[in-house]
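A structural walkthrough
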Amino acid sequence: MNLKDTPPSSNAPQAEIISGSQRWGRWFRTRDKIRSRKRTHHPYRLAVFLVGLLCVAVGIALSPLPGPLTIPPILLGVYIWSSEFAWAQRWLGQLTTKGQLAWQHAKKHPVADAGLTVLGLIITVSILWAANHYGLVDKTGQWLWRWWNS
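Below, the structure is looked at part by part.

Cut-offs used in this document
Residues numbered from 1 in each chain as written. Predicted model: local features only at pLDDT ≥ 70, side-chain atom pairs only at ≥ 80, totals over all residues. Heavy atoms only, no water. Helix = DSSP H or I, 4+ residues; strand = E, 2+ residues; numbered from the N terminus. Contact = heavy atoms within 4.5 Å. Expected span 1.5 Å × (residues − 1). Buried < 20%, exposed > 50% of the residue type's maximum accessible area, 1.4 Å probe, protein only. Core = buried A, V, L, I, M, F, W, Y, C linked by side-chain atoms within 4.5 Å. Phe/Tyr/Trp six-rings, centres within 6.5 Å; stacked < 30°, edge-to-face > 60°.

This part covers the side chain of Glu84. Here Glu84 is to be found in the loop between helix 3 (71–82) and helix 4 (86–108). The contact partners of Glu84, leaving out residues within four places of it in the chain, are Arg31, Arg35, Tyr44, Arg45 and Val48.

As a further point, take helix 3. Here helix 3 contains twelve residues, and its C-alpha end-to-end distance of 16 Å stays within 8% of the 16 Å for a straight helix at 1.5 Å per residue. Every buried residue of helix 3 is accounted for by Pro73, Ile74, Gly77, Val78, Trp81 and Ser82. On its buried side, helix 3 packs onto helix 2 (38–61) and helix 4.

Once that is clear, we can look at the nonpolar core. The biggest cluster of nonpolar side chains holds ten residues, and these are Tyr44, Val48, Val56, Ile74, Val78, Trp81, Phe85, Ala88, Leu92 and Leu95. Listed by contribution, the elements that provide at least two residues to this core are helix 2, helix 3 and helix 4. Apart from the residues within four sequence positions on either side, Ile74 is in contact with Cys55, Val56, Gly59, Ile60 and Leu95.

Under the defined criterion, the tally for this structure stands at eight aromatic pairs. Considering the side-chain rings of Phe49 and Trp81, the 5.3 Å spacing of their centres and the 15° angle between planes classify their relative orientation as stacked. With Phe49 in helix 2 and Trp81 in helix 3, this pair connects stretches of sequence that are 32 residues apart. Taking relative accessible area as the criterion, Phe49 reaches 30% and is therefore assigned partly exposed. The class of Trp81 is buried, set by a relative accessible area of 5%. With centroids separated by 5.3 Å and ring planes inclined at 55°, the aromatic side chains of Trp81 and Trp87 adopt a geometry described as tilted. Taken together, the ring pairs in this structure connect Phe49, Trp81, Phe85, Trp87 and Trp91 into an aromatic cluster.

Put into structure tokens, the structure is as follows:
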């Protein structure tokens, strides 16, 4: 006797095995419920946009670093956007192609890309340390304030 054949009123243990496709199916049904309600539709789209924007912003913040570090967060952000926005679906196709080319380049030259990435991290940390240690942000702000008011 299978668990599926066991009546619900029986004392036999009920085991629910959920496959990956069933989990996603539940998510898509939940998302469709959210989209169908007026009160939750716009806040949901805003939340999707903000989460995607956060990922893209992290990728842009990593852009001074050499190597393929900037691509995954940007792709993730655009992928999140593409779940809700048609313009992001078109953009995702272009970015995926560029991401694959960058990944192929990184696989061909792993030592050079890793070395450039580490060098970029060292330079970035050094600049941030110097800006903090010497108060460059405050001094620049004061200089700009005096220049603007002169």
